[in-house]
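Commentary on secondary and tertiary structure
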Amino acid sequence: MSSKRRPGESVKPEKRKKKRKSEETAELCSVIGDEHVKRAVTEAWSRKSACSHGDLELDCHPFPHCIIRNFLSSEAFVENLQRELLALNFHEKSNDLYKFKQSDDLKKRTEPHIAGLRAALFGRFNSWLGEVLGVVLEPTVDISCAKYEYTDVLLCHDDELEGRRVAFILYLVPPWQNSDGGTLDLFTTDSNFQPQSIVKSLVPSLNTLVLFEVSPISFHQVSEVLTQDKCRLSLSGWFHGPSLERPPRHIEAPVPRNPHLPRDETLLLEWVNPVYLDISYQEQIQQEFEDNSEIQLKDFLKEEKFREVSEALRLTQIQWTKRSPPNKRCYERASLDTLPQCVSACWELLHSEAFFLILSNFTGLRLHYLCPADDDEEEDKEQEEEGGKEKQEDVRDGEATGSSTESPSANTSGEKELSTPVCCGELRRWSHGGYTLLHDGEAARAEFALDLVLPFGCADWQQEFGGFTCYVANEEDEELLTVYPEDNSLALVYRDKETLKFVKHVNNKSAAGSSNTSNCRTFYDFSFVYHE
């Protein structure tokens, strides 16, 4: 069946073809188009020196970074951009390094102001930046939106990833002060290219673009947001190009490990809750541990001993040293030679031969020569039987030699005797700002180990404060286990070579409303690692 158009009737294809919103043009500030400014910035960047022209400021300490205020020339464009961004879907992002909300990748979003800004950044501004750096930047679009709210944070890191050349952040915030947190903190580095201390903090400001060169020394962080009334909204991403040369990564010296101290079972009788010294109960614990690879033993120390150590840990005689570098850890460790007598005695307990033995009974691990693992006993029997058969066959075949009198099981047991159980440990203090991070060196040295944590002083500690230990599979986001600090609860966790751990950042909620005279809640723990 055919149809005809009536006289005077016309088709309006523009209505049918209009599938997406039109793109709004993002006009950049005048300094970007000023050839004199571009030449000055190019020269200063190449010489690693500072320069300032109107709304543009370049500083190369502690590493090259540039601040461009009033980056977008239209206030109306900025307001509309904010409105489009806040209407996006945001996803909670949380791991060892950060906690904030992030949008999906914006490279294909069609909202007119988002699309207009994207076109300007990765078009005209990309060309300007490439000329300043003297490199050809790729047209790769890498941009997303982040919302940081109360207690959100991004801890110390260098942004290095193959192809990233320059990082950028465009702030779209309400009036902001240093006391609100959320500053962009820049770190100095030492001779090993490890971050040391914060030397510059940039307070977020509406319509301000910050960019910096990604390099082995570009360590920075977004400090924890402390205001409960504002949202730190920003657009961020990277311009891609040839990466700067990276020196070999610094490898930390391994933590010294020591065999047990020669202390007998009288130490256990003095310190440990009697219920855990019962052999039949130890067998139950071992069964549960073997099923789950972890267990928490509540009320582990005798009540009077736990109370005595808890009170002594607050004494001023203990010297605490901050552990670093901040791209790996931030907490305080006690100097062992300053510990009060009862705290030192608790340390000796966890390091003692008697404690190695009770850990063997709890876990089935060979942490003492009196507790061989069950599978090794079966293996020894199999080897003895196999050796006996081989010896009989050799005799029948007339091939018996002097060496045949040495059974395989004898060799095996001889080798096992060379393996001495060892441990390393520390006494830690946790308060606002404390954390540990996953890092490449830790992943490379991951091994089978038994972790022990025994906390003190966390009676009013809440999960939302942070400070808990997370176990994760290497190179995966999935959490395998979370261990929360609990007074006098001995946590034992066995991990393999593919399992890593970190302590979640202790946030500002731990300080808010505290009855502590210093207005900061604190807890302590003994942290030990045992190896068969």
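Values in this document were obtained by computation on a predicted structure and should not be read as measured data. (Residues numbered from 1 in each chain as written. Predicted model: local features only at pLDDT ≥ 70, side-chain atom pairs only at ≥ 80, totals over all residues. Heavy atoms only, no water.)

Brief notes about the confidence of the model for the protein
Here is the rule we go by: Across the chain, each position has a pLDDT score giving the predictor's confidence in that residue, from 0 to 100. Between two residues, a contact is recorded if the distance between any of their heavy atoms is within 4.5 Å.
Considering every residue of the protein, the mean pLDDT works out to 89; 86% of them sit at 70 or more. With pLDDT under 50 throughout, residues 1-19 is counted as low confidence; its partners more than four residues away or in other chains account for 3 contacts. Segment residues 387-416 is flagged for pLDDT under 50; beyond a separation of four residues in sequence, or across chains, it makes 16 contacts in the model.

Quick word on the layout of surface pockets
Where we set the bar: A cavity here means a set of points on a 1 Å grid, drawn over the protein atoms and nothing else, where a 1.4 Å probe fits but cannot get out; a pocket is an open set with protein on both sides within 12 Å along at least five of seven lines, and a residue lines either one if it has an atom within 4 Å of a point. Grid points are joined across faces, edges and corners, and a volume is the space filled by probe spheres set on the points. A run of H or I in DSSP becomes a helix once it reaches four residues, and a run of E becomes a strand once it reaches two; helices and strands are each numbered from the N terminus. In this classification, the charged set is Asp, Glu, Lys and Arg, the nonpolar set is Ala, Val, Leu, Ile, Met, Phe, Trp, Tyr, Cys and Pro, and all remaining amino acids, among them Gly, are polar.
As a volume, the second largest pocket reaches approximately 1100 Å³. Surrounding the second largest pocket, 41 residues form its lining, Val255, Cys424, Glu442, Lys501 and Val529 being those nearest its centre. Of all the secondary-structure elements, those providing two or more residues to the lining of the second largest pocket are strand 16 (329-334), helix 8 (341-351), strand 17 (422-430), helix 12 (440-444), strand 19 (449-456), strand 20 (469-473), strand 23 (499-503) and strand 24 (523-531). Grouping the constituent residues of the lining of the second largest pocket by class yields 17 nonpolar, 10 polar and 14 charged.

Focus on the sheet that holds strand 21 (residues 479-483)
Threshold: At least two DSSP bridges between two strands are needed for those strands to be called paired. Angles shown run from 0 to 180 degrees and are taken between the N-to-C directions of axes, each axis being a line fitted to C-alpha atoms and, for helices, limited to the stretch in contact.
The strand order 21-20-23 describes an open sheet built from 3 strands, whose pairing is antiparallel. Looking at the sheet topology across the chains shown, the edges are occupied by strand 21 and strand 23. Between one strand axis and the next, the sheet turns through 20° on average, direction left out of account. By the bridge criterion, 4 bridges tie strand 20 to strand 21 in an arrangement that is antiparallel. For Tyr471, the partnering residue across the bridge sits in strand 21 and is Leu481.

Notes on the nonpolar core
Operational definition: What we call a nonpolar core is a set of buried Ala, Val, Leu, Ile, Met, Phe, Trp, Tyr and Cys residues that are connected through their side-chain atoms within 4.5 Å. Only protein chains enter the calculation, and the probe is 1.4 Å; a residue is then buried if its accessible area is under 20% of its type maximum, exposed if over 50%, and partly exposed in between.
By size, the foremost hydrophobic cluster in this structure holds 47 residues, and its most contacted members are Ile68, Leu72, Leu81, Leu85, Phe125 and Leu235. Counting residues per element, this core draws most heavily on helix 4 (residues 112-133), at 10 residues. Counting residues in each nonpolar core, the second largest holds 46 residues, with Trp271, Phe306, Leu367 and Leu454 among its members.

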